[in-house]
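Fold and geometry: a report
Residue strings, one per chain:
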Amino acid sequence: MASTLASSRFSRRFGLSTPIALAPMALAAGGELAAACARAGALGLVGGGYGDLAWTQRETRIALERGPRERIGCGFITWKLDEDASALDWALEQRPRAVMLSFGDPRPYAARIARSGAALVCQVQRMAQVPQAIEAGAQVIVAQGAEAGGHGMDALNGRATIAFVPELADWLAGHAPDVLLLAAGGIADGRTLAAARVLGADGALVGSRLWATRESLAQEGAKRLALETDGDGTARSAVFDILRRKNWPAPYDFRAIRNALHRQWEARVDALRAGPEAARAEYDAGVKAGDFTKAHATVGEAVGLVRDLPGAEELVARMTREAAAILGG
Ligand SMILES: Cc1cc2nc3c(=O)[nH]c(=O)nc-3n(C[C@H](O)[C@H](O)[C@H](O)COP(=O)(O)O)c2cc1C
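Being a predicted model, the structure only gives us computed values, none of them experimental.

Quick look at the overall build of the protein now. Across its full length, the protein carries 17 helices and 11 strands. In terms of C-alpha radius of gyration, the protein reaches 18 Å, essentially the compact-globule figure of 20 Å for 329 residues. Overall size of the protein, expressed as C-alpha extent along the three principal axes, is 55 × 40 × 40 Å. The buried share of the protein, taken over its 329 residues, is 58%. Contacts spanning at least 24 positions in sequence make up 66% of the contacts within the protein whose residues lie at least 6 apart. Counting every atom, the protein has about 13100 Å² of accessible surface; 51% of that belongs to carbon and sulfur. Once the 38 positive and 37 negative side-chain charges of the protein are each reduced to a mean point, those two points are 2 Å apart.

Put into structure tokens, the structure is as follows:
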């Protein structure tokens, strides 16, 4: 019953054989990973992240050379584009299939994305953000639950995937029935992919599970740590953003493996903010040494479902096969 997945509205509209999109993970979703996902029949989004032009150019070129270009797109952190959108402008000249924007107001970028012919994908964390995404002309909305790896909304504001996705599916059915919905946050195997479809999503955006593949640009030490970490082992806070000197606006924070340096500061975030110098020096030394008791390893709760580091094509095929067996049965 692979056809249940190949015939989802998302698969059909984007010419995919499986309703999976690679999350545009900053510094991890490079050209090789995006190309491998696209070859496997998924949508491969290069992680343009903070909008580094040279990185985006290098990795997008790799993706377009090695993957079917009609399944290659990219994603950016919207509030960083407000400072410098040159990487977005360059990416649009390459005619990507889709551009995903997260964490900020997508409307200032909507017209140029539409002119390029790319489909606009907007990731949201709360119902209140949805009308803005629709106004921007989003063809796809990603409902990101707080289980997700990387940035998302903090504990006061974030939603859980299992209740957020069906609520948003109902809203879209009533207000914008042509807009597609992807579930994100915790989708990491056939069960969770099938669950996304059952909850009313047209497909899934997968981050953490594809981070733990051969093609991902995540450091090998971080990937090995992920293999040893269960789903209890991540936490969401501002700690690593402060340590990394990333000026993220509220109410966004960051989920990663809850290592020793995180534990040292997680109950004293205000103190860390007020005097970060010593902790930053420790963090910088950890990054330099590849010591993940200090450096961050960015994965979500789905790390508990990561038990190997396969190639991305094999992983997409495995998730698809397992989900199809569940949905078919
Ligand atoms: C390593 C990593 C980096 C990420 N970087 C970005 C990013 O630059 N832009 C973005 O929109 N989302 C980013 N995300 C979040 C993903 O878009 C997505 O919401 C998330 O990975 C889904 O949850 P999952 O990790 O459980 O699959 C990142 C996630 C991870 C794991």
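Moving on, we get to the sheet that holds strand β10 (residues 234-237). Pairing within the open sheet is antiparallel, and its 3 strands lie in the order β7-β11-β10. If you trace the sheet from one side to the other, it starts and ends with β7 (150-153) and β10, each paired once. Between one strand axis and the next, the sheet turns by 30° as a mean value, whatever way the strands run. Of the pairings in the sheet, the one linking β7 to strand β11 (residues 252-257) comprises 4 bridges and is antiparallel in character.

Bringing the site of the ligand into the picture now. The immediate surroundings of the ligand are formed by 22 residues, with S102, Q123, G186, G207 and S208 found nearest. In the model, an oxygen atom of the ligand is placed 2.9 Å from a nitrogen or oxygen of the Q144 side chain. Separating an oxygen atom of the ligand from a backbone N or O atom of G186 is a distance of 2.7 Å. Counting residues per element, the ones that place at least two in the shell around the ligand are β4 (98-102), β9 (203-206) and α11 (208-211). The residue makeup of the shell around the ligand, split by class, is 12 nonpolar, 10 polar and no charged.

Let us look at helix α3 (residues 31-39). Counting buried residues in α3 gives 7 out of 9 residues, a clear majority hidden from the surface. G31, L33, A34, A35, A36, C37 and A38 are the residues of α3 that are buried. Residues of α3 that are buried sit in contact with β1 (20-22), β2 (43-49), α4 (53-66), β3 (72-77), α11 and α17 (312-328). Taken from the residues just after α3, G41 is the one with a positive phi, measuring 100°.

About the cut-offs
Residues numbered from 1 in each chain as written. Predicted model: local features only at pLDDT ≥ 70, side-chain atom pairs only at ≥ 80, totals over all residues. Heavy atoms only, no water. Helix = DSSP H or I, 4+ residues; strand = E, 2+ residues; numbered from the N terminus. Rg over C-alpha atoms; globule rule 2.2 N^0.38 Å. Buried < 20%, exposed > 50% of the residue type's maximum accessible area, 1.4 Å probe, protein only. Contact = heavy atoms within 4.5 Å. Areas by Shrake-Rupley, 256 points an atom, 1.4 Å probe, with all protein chains shown as cover. Lys, Arg positive; Asp, Glu negative; His and termini not counted. Charge placed at Lys NZ, Arg CZ, Asp CG, Glu CD. Pairing = 2+ DSSP bridges. Axes fitted to C-alpha atoms, helices over the stretch in contact; angles between N-to-C directions. Near = heavy atom within 4 Å. Polar contact = N/O pair within 3.5 Å; in protein donor to acceptor, adjacent residues only side chain to side chain. Nonpolar A, V, L, I, M, F, W, Y, C, P; charged D, E, K, R; others polar.

Distances and angles like these do not, on their own, reveal function.
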